[in-house]
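Each chain, letter by letter, is given below.
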Amino acid sequence: MVRSLKNPKKAKRKNKGAKKGEGSSSSDSVPSLPAKVWQPGVDKLEEGEELQCDASAYNSLHAFHIGWPCLSFDVLRDSLGLVRTDFPHTVYCVAGTQAEKSSWNSIGIFKLSNISGKRRDLVPDKIGDENADMGSNSSDSDEEEEEAGLVTPVLQLHKVFHEGCVNRIRAMTQNPHIVASWGDTGHVQVWDFSSHINALAESRSDLSHGASAVSNQAPLFKFGGHKDEGYAIDWSPLAPGKLVSGDCKNCIHLWEPTSGATWDVGAKSFIGHTASVEDLQWSPTEPSVFASCSVDGNIVIWDTNMKNPLAATIKAHKADVNVISWNRLASCMLASGSDDGTFSIRDLRMLKEGDSVVAHFEYHKHPITSIEWSPHEASTVAVSSSDNQLTIWDLSLERDEEEEAEFKAKMKEHVNAPTDLPPQLLFVHQGQKDLKEVHWHSQIPGMVVSTAADGFNILMPSNIENVVPANVA
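Parameters and conventions
Residues numbered from 1 in each chain as written. Predicted model: local features only at pLDDT ≥ 70, side-chain atom pairs only at ≥ 80, totals over all residues. Heavy atoms only, no water. Pairing = 2+ DSSP bridges. Helix = DSSP H or I, 4+ residues; strand = E, 2+ residues; numbered from the N terminus. Axes fitted to C-alpha atoms, helices over the stretch in contact; angles between N-to-C directions. Buried < 20%, exposed > 50% of the residue type's maximum accessible area, 1.4 Å probe, protein only. Contact = heavy atoms within 4.5 Å. 1 Å grid on protein atoms, 1.4 Å probe; cavity = no way out; pocket = protein on both sides within 12 Å on 5 of 7 lines; lining within 4 Å. Points joined across faces, edges and corners; volume = space filled by probe spheres on them. Nonpolar A, V, L, I, M, F, W, Y, C, P; charged D, E, K, R; others polar.

Draft legend 1. Focus on the sheet that holds strand β13 (residues 252-258). Read from one edge of the open sheet, four strands run β11-β12-β13-β14, paired in antiparallel fashion. Edge strands, defined here as strands with exactly one partner in the open sheet, are β11 (232-235) and β14 (262-265). Geometrically, the sheet is characterised by an average inter-axis angle of 25° between neighbouring strands, direction not taken into account.

Now the structure itself:
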C-alpha cells in the first residue's frame, strides 16, 4: 500500500556529482583495488566510502526531472518506428505531479530527444574492451561523451493544470493522446493532449523547453462517482476507449466509450474485495476480462460478460497486493508485487488445480511499488521497490556453474560477486530515491523508464539483448 511521496521537494536544476545509478559520472573514478558488488540491505557504507556507478553496465543511462516529483507516468506510443535500436533515441511521456500545494499540480506532457548511448558487447572480447567502450582511446571528446551516455538529452515540456495530486496516469494504447488521470480529489478525468503532442513533434529537437507555463485545459470527461480517491486504473488493450477504475473503498467502475468522446460509467460497481483496490489490468487476449488486486491480499479475475462477473478469487500474498501485470506475450502469466517485498508469477491455466504460483521471489525487503512485463521478451519482468532498487528478471535463466567459471576465466574477473543471488536476477539499478513506477518502452527494445522522488531515469542495461522476434520487427 506504499504509494504517497512524503514531504516532496521540488527538484533543482543543477548537475549532481557521480552516484550509483545517476546519469553523471566521473572520468577518473577507476578503482585501484578489486571492485566489490554492493548489496542493499546487506552491506553498509563505512565512513568515507561512496558508491560508484559502473557505466559499462549500461548501453544508455540518463537522469532528468520535470519539477515536482511524479508518483506515476506513462510512456506514449509514437510514429517514429515500431522497433528502434539506433541511437540517439526520442521518447514521449505523460506524468502527473505530487506538488507541495494542491494548486501547484499539473500533468506534464514531454518529449525527451537526443538520448545518446552505445551498444556494448554482452561479453567483451578482451579485458580492455570496457575501457575502449567508454571512448577512452578516442581523440574526439564529443564522441567520448556520446559513447559514455554523457551527452545531455533535450527535454521539451508542456504543462496542463491538474486539480490536486495525480495518483495514477495512463495513456490509451490505441490513441495515446487520450490520457486518464486519477486525482487525490476523488475524481477520474480523461484528457485529449493531441495539440500538445503535435506541438512537441513539430518543435526543434535541439531546443530545450523545460520550464513552460502551466496552461488551463478542460478535460474531455470527469467522473466523480467514486466514494474515495484511488490509484487503480487501466485502459483495455483490445477495446479502444474501454476503461476500469478502482478506489480505496474497494469499488471498481467500468467505463464504456460512447459517441462524442464521452463515456458511460456504470452506476453499479464491481465489489469483490474487502479493502482498497490497488491496481487493475485488462487481459491481453479477452476483451471482457480484467484482474484487480487489493490490500486484502487477493487478486480477483473478472468477466464483464458473465451474469456474476466475479470469475475467480486468488489468495495471492500474505500482505497487501500493491501491483499486478498481465503478460501480453504469454497471456497465461500474471505477475504480482506485495507490501512485504515479495513478488510472484502465476500461471492462470493452473487456477483450477489449486496452486498456480510458478515463481516466487523474496529478494526485495521493502514494498514492491511497480511491476511490468517486458513487451519484447515473454520471460522478462521489471520490478521497483521502496528499497530504492529497480531489478530486471529473466525467469528462463538457471544457474550454470560451468558457464560461470568459463566466463570469469575469460574476463579475468576479480570482482567479489555475491553467490547467493537468484540466477534469474538479470540487472540491478540503483541511485534513485523512493522509487515509485517503472515502464518499458514498447518501441525501443531494452529501454526502461523509472520515476522516483528525485526525478526520472532512462536506462538500457547492456546485458539485455535488443533482439525482438522477426514477426514483431
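Draft legend 2. Spotlight on the environment of V428. Following the sequence through the fold, V428 ends up in strand β26 (residues 425-429). Residue V428 is classed as partly exposed on the basis of its relative accessible area of 24%. It is 9.8 Å that separates the C-alpha atoms of V428 and A57, two residues lying 371 residues apart in sequence. Beyond its immediate sequence surroundings of up to four residues, V428 is in contact with Y58, Y363, Q389, L390 and T391.

Draft legend 3. Broad picture of empty space enclosed by the protein. This structure, assessed with the given rule, holds two cavities of 30 Å³ or more. The space that makes up the second largest cavity amounts to roughly 30 Å³. Counting residues per element, the ones that place at least two in the lining of the second largest cavity are β28 (448-452) and β29 (455-461). Each residue belonging to the lining of the second largest cavity can be placed in one class, and the counts come to six nonpolar, four polar and no charged.

Draft legend 4. Representation of the sheet that holds strand β27 (residues 437-440) in the model. Within the open sheet, the four strands sit side by side as β1-β29-β28-β27. Their pairing is antiparallel. In this open sheet, the two strands that pair with only one neighbour each are β1 (58-64) and β27. Strand-to-strand, the axes of this sheet are offset by a mean angle of 15°, without reference to chain direction.

Draft legend 5. Up close: the pairing of strand β3 (residues 89-97). Of all nine residues in β3, nine are buried; the element is thus mostly enclosed. Every second residue of β3 is oriented toward a common face, with H89, V91, C93, A95 and T97 on one face and T90, Y92, V94 and G96 on the other, all of them buried. Bridging between strand β2 (residues 70-75) and β3 involves five bridges; their strand directions are antiparallel. Within β3, the residue paired with S72 across the bridge is G96. As paired strands, β3 and strand β4 (residues 106-115) are joined by seven bridges and run antiparallel to one another.

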